[in-house]
Amino acid sequence: MNNVYRLVRICAQEFNTDPMKMQGKTRRQNVVFARHTAMSILRRDLHLSYYEIGFMFNRNHSSVIHGVKSVDAMHKVNKGFTIRFDSVYEKYLDEKYQF
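Below or above, wherever it landed, is the structure these notes cover. Sequence order as written defines the numbering, with residues in each chain counted from 1. Local features in this predicted model are restricted to residues of pLDDT 70 or higher, and side-chain atom pairs are both shown and tallied only at a pLDDT of 80 or more, whereas totals for entire chains, interfaces and linings draw on every residue. With hydrogens and water stripped out, all remaining heavy atoms of the structure feed into the side-chain values.

Although it is not a glycine, asparagine 16 adopts a positive phi angle of roughly 55°. Helix and strand labels come from DSSP, where a helix needs a run of H or I of at least four residues and a strand needs a run of E of at least two; each type is numbered from the N terminus. Inspection of the secondary structure puts asparagine 16 in the loop between helix 1 (3-14) and helix 2 (29-45). Assessed through its relative accessible area of 63%, asparagine 16 is described here as exposed. You will see that asparagine 58, though not glycine, has its phi angle at about 55°, which is positive. For asparagine 58, the position within the fold is in the loop between helix 3 (50-56) and helix 4 (61-77). A 1.4 Å probe rolled over the protein chains alone gives each residue an accessible area, and that area as a share of the maximum for its type sets the label: buried under 20%, exposed over 50%, partly exposed in between.

Okay, structure coming up:
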């Protein structure tokens, strides 16, 4: 399974949403958190460009920049979000390097 699809599935599960909704236009908080988390990990781990990430989520590059910055800001003020983000990242790495 592709790393991107794996990550989207993990984010959707953690934030109780559907992976397809993450590509939609909804602004529901759980969907936005899942989308931004996935964008941040894709940028950090796979070193994809903002344009490439935006293409995957039907967003423009500036929306991806905003999402990545939002995740960085949330880490500083919201311990609950940080715990969920770390959980997603650990699950992603476990599946990524699973043989």
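On we go from here.
The next point concerns the nonpolar core. For this analysis, a nonpolar core means a set of buried residues of the types Ala, Val, Leu, Ile, Met, Phe, Trp, Tyr and Cys, connected via side-chain atoms within 4.5 Å. Core analysis: the largest hydrophobic core is formed by 25 residues, its most contacted members being Leu7, Met22 and Phe57. Every element with two or more residues in this core is listed here: helix 1, helix 2, helix 4 and helix 5 (79-96). Ranked by residue count, the leading element in this core is helix 1, at 6 residues.

Our focus in this paragraph is the packing of aromatic side chains. For Phe, Tyr and Trp, where Trp contributes only its six-membered ring, two rings pair if their centres lie within 6.5 Å, and the inter-plane angle classes them as stacked under 30 degrees, edge-to-face over 60, or tilted in between. Within the structure shown, the criterion is met by 6 aromatic pairs. Considering the side-chain rings of phenylalanine 81 and phenylalanine 85, the 6.3 Å spacing of their centres and the 35° angle between planes classify their relative orientation as tilted. Note that phenylalanine 81 and phenylalanine 85 are positioned in helix 5 at a spacing of 4 residues, about one turn of the helix. Ring-pair connections join several aromatic residues into one group, and the members of that group are Phe15, Phe33, Phe81, Phe85, Tyr89 and Tyr92. Ring-over charges, as used throughout, are those where CZ of Arg or NZ of Lys falls within 6 Å of the ring centre and within 35 degrees of the ring normal. Directly above the ring of tyrosine 50 sits arginine 43, whose terminal nitrogen or CZ lies 3.9 Å from the centroid. Cation over ring: arginine 44 sits above tyrosine 89, and NZ or CZ is 4.3 Å from the ring centre.

Further remarks concern the pattern of salt bridges. A side-chain nitrogen of Lys or Arg and a carboxyl oxygen of Asp or Glu constitute a salt bridge if their distance falls within 4 Å. Evaluated as defined, the whole model comprises 5 salt bridges. Among the ionic pairs, arginine 9 bridges to glutamate 95, the shortest N-O distance being 2.5 Å. Here the residue arginine 9 occupies a position in helix 1, and glutamate 95 occupies one in helix 5, the gap between them amounting to 86 residues. For arginine 84, the salt bridge is made with glutamate 14, and the minimal N-O distance between the two is 3.4 Å.

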